Amino acid sequence: MNKRAVGTRYEEEAAAYLKRRGYRILEHSYRSRTGEIDLIARDGEYLVFVEVKYRSDASCGSPLEAVGFRKQRSIIKVAQFYMLTHGYGTETNCRFDVVAICGEEIELVQNAFGM
């Protein structure tokens, strides 16, 4: 499987996991000129921007470690663009979650980083 197909597979797995936890998925693989957000969802009053990271095992480190400062800044820029172009005001409650998949284990970190 190529990287795109692998990414899509695990984004779908993450979306199913989030749905079971009560999230409502709004967008898959949202792209703008400034970058991409894997999933955009609603969780109660929150608009949630979700980064999905997969590792087959922990030999190369935790998937959470792959969401560093530069990646966070990129996600935030895309989230701001999304909110601006989809009619969400500055009063909208939003957060940034990370779904880390390592082998068969799934971990959700809510509010993993902020604007």
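A brief look at the structure comes next.

Rules behind the numbers
- Residues numbered from 1 in each chain as written.
- Predicted model: local features only at pLDDT ≥ 70, side-chain atom pairs only at ≥ 80, totals over all residues.
- Heavy atoms only, no water.
- Buried < 20%, exposed > 50% of the residue type's maximum accessible area, 1.4 Å probe, protein only.
- Helix = DSSP H or I, 4+ residues; strand = E, 2+ residues; numbered from the N terminus.
- Pairing = 2+ DSSP bridges.
- Phe/Tyr/Trp six-rings, centres within 6.5 Å; stacked < 30°, edge-to-face > 60°.
- Axes fitted to C-alpha atoms, helices over the stretch in contact; angles between N-to-C directions.

**Some remarks on the pairing of strand E2 (residues 35-43)**
Within E2, 7 of the 9 residues are buried, leaving the element largely enclosed by the surrounding structure. One ladder, built from 7 bridges, connects strand E1 (residues 24-32) with E2; its direction is antiparallel. Within E2, the position partnered with Arg31 by the bridge is Glu36. Between the end of E1 and the start of E2, which pair antiparallel, lie 2 residues. Examined bridge by bridge, E2 and strand E3 (residues 46-55) share 5 bridges and lie antiparallel to one another. Note on E3: the bridge partner recorded for Leu39 is Val50. Hairpin connection, E2 to E3: the antiparallel pair is bridged by 2 residues, and Gly44 has positive phi, about 60°.

**As for the packing of aromatic side chains**
On inspection of all chains with the given rule, the structure shows 6 aromatic pairs. With a centroid separation of 4.9 Å and 85° between ring planes, the pair formed by Tyr30 and Tyr82 is classed as edge-to-face. In this pair, Tyr30 sits in strand E1 while Tyr82 sits in helix H2 (residues 69-85), placing the two residues 52 residues apart along the sequence. This pair shows no difference in class: Tyr30 is buried, exactly as Tyr82 is. Grouped by ring-pair contacts, the aromatic residues Tyr30, Phe49, Tyr82, Tyr88, Phe96 and Phe113 constitute a single cluster.

**Here's the deal with the sheet that holds E3**
If you trace the 5 strands from one edge of the open sheet to the other, you get E1-E2-E3-E4-E5, paired in mixed fashion. Pairing within the sheet leaves two strands with one partner each, and these edge strands are E1 and strand E5 (105-113). Averaged over all pairs of adjacent strands, the angle between strand axes in this sheet comes to 30°, irrespective of strand direction. Direction of pairing for E3 relative to strand E4 (residues 94-102): parallel, over a ladder of 9 bridges. By the bridge assignment, Tyr54 is partnered in E4 with Ile101.

Purely spatial values, then, with no claim about function.
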